[in-house]
Amino acid sequence: MQETLTLSGYLVLAATLLVAYVIFGIAGFGSALVASPIMALYMPVAKIVPLLALLDMCAAIVNVSRDGRNAQWPELRRLVPLMIIGSLLGAAILLKTRPEILLLALGIFVVFYALYSLSGLKPARQFSPRAAVPFGLVGGIFSALFGSGGFIYAIYLSGRIEKKEAFRITQTTLIGMSTLTRVVIFAVAGVYLDVDLLLLALALVPGMLVGITLGRYFTLKMSREQFLKLINVILLASGAMLIVKYFS
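Okay, so let's go over this structure. Note that the coordinates shown come from a computational prediction; the quantities given were computed from them, not determined experimentally.

1. Quick look at the environment of Leu103
Part 1 of the argument: On the secondary structure map, Leu103 appears in helix H5 (residues 100-118).
Part 2 of the argument: Taking C-alpha positions, Leu103 is 9.9 Å from Phe247, a pair spaced 144 residues apart along the chain.

2. Describing the pattern of salt bridges
Part 1 of the argument: Across all of its chains, the model carries six salt bridges by this definition.
Part 2 of the argument: With a closest N to O distance of 2.8 Å, Arg216 and Asp67 form a salt bridge. Linking Arg216 in helix H9 (residues 195-221) with Asp67 in helix H3 (residues 45-67), this pair joins segments that are 149 residues apart in sequence.
Part 3 of the argument: The exposure class assigned to Arg216 is partly exposed, which follows from its relative accessible area of 26%.
Part 4 of the argument: Notably, a salt bridge pairs Arg168 with Glu165, separated by 2.6 Å at the nearest N-O pair. Separated by three residues within a single helix, Arg168 and Glu165 lie in helix H8 (residues 164-188), roughly one turn from each other.
Part 5 of the argument: Given a relative accessible area of 0%, Arg168 falls into the buried group.
Part 6 of the argument: Judged by relative accessible area, Glu165 falls into the buried class, the value being 14%.
Part 7 of the argument: The structure contains a network of salt bridges with shared partners spanning Asp67, Glu165, Arg168 and Arg216.

3. Details of the nonpolar core
Part 1 of the argument: Formed by 67 residues in total, the largest nonpolar core has its most connected members in Leu17, Tyr21, Phe29, Met39, Leu51, Phe151 and Leu235.
Part 2 of the argument: When residues no more than four places from it in sequence are discounted, the contact partners of Phe151 are Phe29, Leu106, Val110, Leu235, Ser238 and Leu242.

4. Observations concerning the packing of H8 against H9
Part 1 of the argument: Across the interface, H8 lies against H9 with an axial gap of 10 Å and an inter-helix angle of 155°. The orientation of H8 relative to H9 falls into the category roughly antiparallel. Note on element contacts: H9 touches H8 through Arg216, Thr219 and Leu220, opposite Lys164, Glu165 and Arg168.
Part 2 of the argument: Classifying every residue of the contact of H8 with H9 by side-chain character gives one nonpolar, one polar and four charged.

5. Details of helix H2 (residues 31-39)
Part 1 of the argument: Listing the buried residues of H2 in full gives Ser31, Ala35 and Met39. What you see down the axis of H2 is that its buried residues fit within an arc of 25°, all on one side.
Part 2 of the argument: Close packing links the buried residues of H2 with helix H1 (7-27) and H3.

Rules used in this analysis
Residues numbered from 1 in each chain as written. Predicted model: local features only at pLDDT ≥ 70, side-chain atom pairs only at ≥ 80, totals over all residues. Heavy atoms only, no water. Helix = DSSP H or I, 4+ residues; strand = E, 2+ residues; numbered from the N terminus. Salt bridge = Lys/Arg side-chain N within 4 Å of Asp/Glu carboxyl O. Buried < 20%, exposed > 50% of the residue type's maximum accessible area, 1.4 Å probe, protein only. Core = buried A, V, L, I, M, F, W, Y, C linked by side-chain atoms within 4.5 Å. Contact = heavy atoms within 4.5 Å. Axes fitted to C-alpha atoms, helices over the stretch in contact; angles between N-to-C directions. Parallel < 35°, antiparallel > 145°, perpendicular 65-115°, else oblique. Nonpolar A, V, L, I, M, F, W, Y, C, P; charged D, E, K, R; others polar. Arc of directions from axis to C-beta.

Have a look at this one:
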């Protein structure tokens, strides 16, 4: 942890996390999209992923405890085994090759999908349950490679689930399961033996809790059309960030 993190730095991080978890509270993913660039100005990049994994897991637990009854468990039963297999494949790819070109390919795909959906040209039909296979595997692969798989699952779930609240809590539950795996890995690796990291996470919890509460409130006020439009805007920003990350 950087020794120069001042009170103003903590306040900036807290405000950043509040905004990030409003997005997470609405969409069930996307906290890293908002938080990571600003957090990188105040703390080592190597600390950001385990810190956000811990906060994402806690946010998911809070959301599931509130609304878990609305989750679409058949979709989770389809996706979770595939997510695990994809994560193992992603780890193998990471060890055997340079995966950066995959980052660019994913970014381009997500940007074009989001633009297509926002254009209004998307046909009014659902994905087949069989679509869980490619989306679950690819989401797991990119979660393992880059810590970024949430928007892949969001594309699938938005084409499967009609009710926005069911989408939100199903997505949140899935991300919670994914981040739990990462938290366990970081814990075994000794990352969370860093007391400063844990204290910072604890200090940022109030901002996270306020953010997900506001996100839930805003979701309940939106129509399904407004909700899906916002999801696609977040997807568009996510894809653009991946492309920027590739070229940087």
